[in-house]
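So the chains spell out like this:
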Amino acid sequence: MKTKKFKQKRKAWYRGLKHILKIRYKKSQFIYLGEKPTNNAIILSNHVGTDAPLTLEIYADFPIRFWGTNEMNSGLKKMYKYQADVYYHLKKGWNLHLSRLFCLLASPLTNIFYKGLNLISTYQDTRFRKTLDESLVAIKDNGENIVIFPEDSTDGYCDELKAFYAGFVLLAEKCMKNGIDVSIYATYFKKKEHQYIFDAPAKYSELKAQFGDRAAIAEHLCMRSNIIGKMEFEKTKDKKRKR
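Starting afresh in each chain, residues are numbered from 1 along the sequence in its written order. Per-residue local features are limited, in this predicted model, to residues with pLDDT of at least 70; the limit for side-chain atom pairs, both in listing and counting, is 80 or more; totals at the level of whole chains, interfaces and linings are taken over all residues. Note that water and hydrogens are dropped before the side-chain values are worked out from all heavy atoms of the structure.

Caption draft 1: Representation of the overall build of the protein within the structure. We count a stretch as a helix when DSSP gives it H or I for four or more residues in a row; a strand needs E for two or more, and each element gets its number in order from the N terminus. Scanning the protein from terminus to terminus reveals eight helices and eight strands. Only the C-alpha atoms count toward the radius of gyration. The rule for a globule is 2.2 Å times the residue count to the power 0.38. Relative to a compact globule of 243 residues, whose C-alpha radius of gyration would be 18 Å, the protein shows 18 Å and is just as compact. Reported as C-alpha extents along the three principal axes, the dimensions of the protein are approximately 50 × 50 × 35 Å. Working rule for contacts: check all heavy atoms of both residues, and any pair within 4.5 Å makes them a contact. Here the analysis covers contacts within the protein between residues at least 6 apart in sequence; of these, 74% occur between residues at least 24 apart. Calculation of accessible area relied on Shrake-Rupley with a 1.4 Å probe; when residues are assessed, cover is drawn exclusively from the protein chains displayed. Looking at the protein as shown, the accessible area adds up to about 13,300 Å², and 55% of this sits on carbon and sulfur atoms. All tallies of charge rest on Lys and Arg as positive and Asp and Glu as negative; His and the ends of each chain are not included. Where a charge sits is defined by one atom per residue type, namely NZ (Lys), CZ (Arg), CG (Asp) or CD (Glu). The positive charge centre, built from 44 side chains, and the negative charge centre, built from 26, are 9 Å apart in the protein.

Caption draft 2: Quick peek at a nonpolar patch on the surface. A cluster of nonpolar side chains, contributed by Trp-13, Leu-109 and Ile-112, occupies part of the molecular surface with about 330 Å² of accessible area. Looking at the element boundaries, Ile-112 is found in helix H4 (residues 96-117). The buried label goes to any residue with under 20% of its type's maximum accessible area, the exposed label to any with over 50%, and the partly exposed label to all in between, with areas taken from a 1.4 Å probe on protein chains only. In this structure Ile-112 comes out as partly exposed when scored by relative accessible area, which is 43%. Only residues whose relative accessible area exceeds 30% and that form no salt bridge are eligible for patches; like-charged ones are grouped when within 9 Å, while nonpolar side chains (Val, Leu, Ile, Met, Phe, Trp, Tyr) are grouped when within 5 Å. What counts as a salt bridge is simple: a side-chain nitrogen of Lys or Arg found within 4 Å of a carboxyl oxygen of Asp or Glu.

Caption draft 3: Spotlight on the state of the cysteines. Any two cysteine sulfur atoms lying within 2.5 Å of each other are counted as a disulfide. Tallied over the entire structure, the rule returns zero disulfides. The closest cysteine sulfur to the non-disulfide-bonded Cys-158 is located on Cys-222, 11 Å from its own sulfur. Classification of Cys-158 by relative accessible area gives partly exposed; the value is 27%.

Caption draft 4: How the structure looks around the confidence of the model for the protein. pLDDT measures the predictor's confidence residue by residue and takes values from 0 up to 100. Per-residue pLDDT for the protein has a mean of 89; in total, 96% of the residues score no lower than 70. Scored below 50 in pLDDT, residues 238-243 shows 15 contacts in the model against residues more than four places distant or in partner chains.

Caption draft 5: Here's a closer look at the pattern of salt bridges. Counted according to the given criterion, the structure contains 14 salt bridges. Of the charged contacts, one joins Lys-81 and Asp-85 as a salt bridge, the two residues approaching to 3.4 Å between their closest N and O atoms. Within this pair, Lys-81 and its partner Asp-85 are both found in helix H3 (residues 76-91), separated by four residues, close to a single helical turn. Accessibility expressed as a relative area gives 17% for Asp-85, which makes it buried. Here Lys-174 ties to Asp-133 by a salt bridge, and the two come within 3.1 Å at their closest N and O atoms. In this pair, Lys-174 is assigned in helix H6 (residues 167-177) and Asp-133 in helix H5 (residues 128-140), connecting sequence segments 41 residues apart. Classification of Lys-174 as partly exposed rests on a relative accessible area of 23%. Given a relative accessible area of 41%, Asp-133 falls into the partly exposed group. Taken together, the salt bridges that share partners define one network made up of Arg-10, Lys-18 and Glu-57.

Structure follows, in structure tokens:
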């Protein structure tokens, strides 16, 4: 019996847009060192620019919601400023004038894309409570997995992850207070190899018992991401890439 192909809960026009994006973002091999995500988990990943999030969005066959900086989810004007001055200039190292010129075209298209993505906005102030509340609903009521890119990208996106911000631990704590001991996955996207590697999941309660505080948990999971990112796996030979 043929199984029904999984589809993210997205609007029809957005699913059509994702088909076009497959031209740029090729299908990758998903490798699981333990259980595959199903529902109600936190997934931590390196960013690799747009490659990791879009590979997940287009090809993951389990429900996901992304965390993303609020500037990318607050209208075209704020998005343009963030993309031009922060994302392309500071994080990707583009010339400032070139990034501003490029974003005159890129930001309107990105704005349309983000409207369909149903992003959960993140903040660096007290509004972060909204992020946690919305994420709890996504996990507890909707059975979604929250995807977070916690790497410190102050100096751009690096192959060797320097550190993880610990905001995801606050979400795990909130879930625990609401009766959910979430599984947390450290992952690593290898762009050149077209491989997305998922470490075996760890329950938040186990991580807390072993490492104690938030910073130690974040440090451990960052280390795990780097470790699995250095693992070598045989590439699938078929054109469609087995998952």
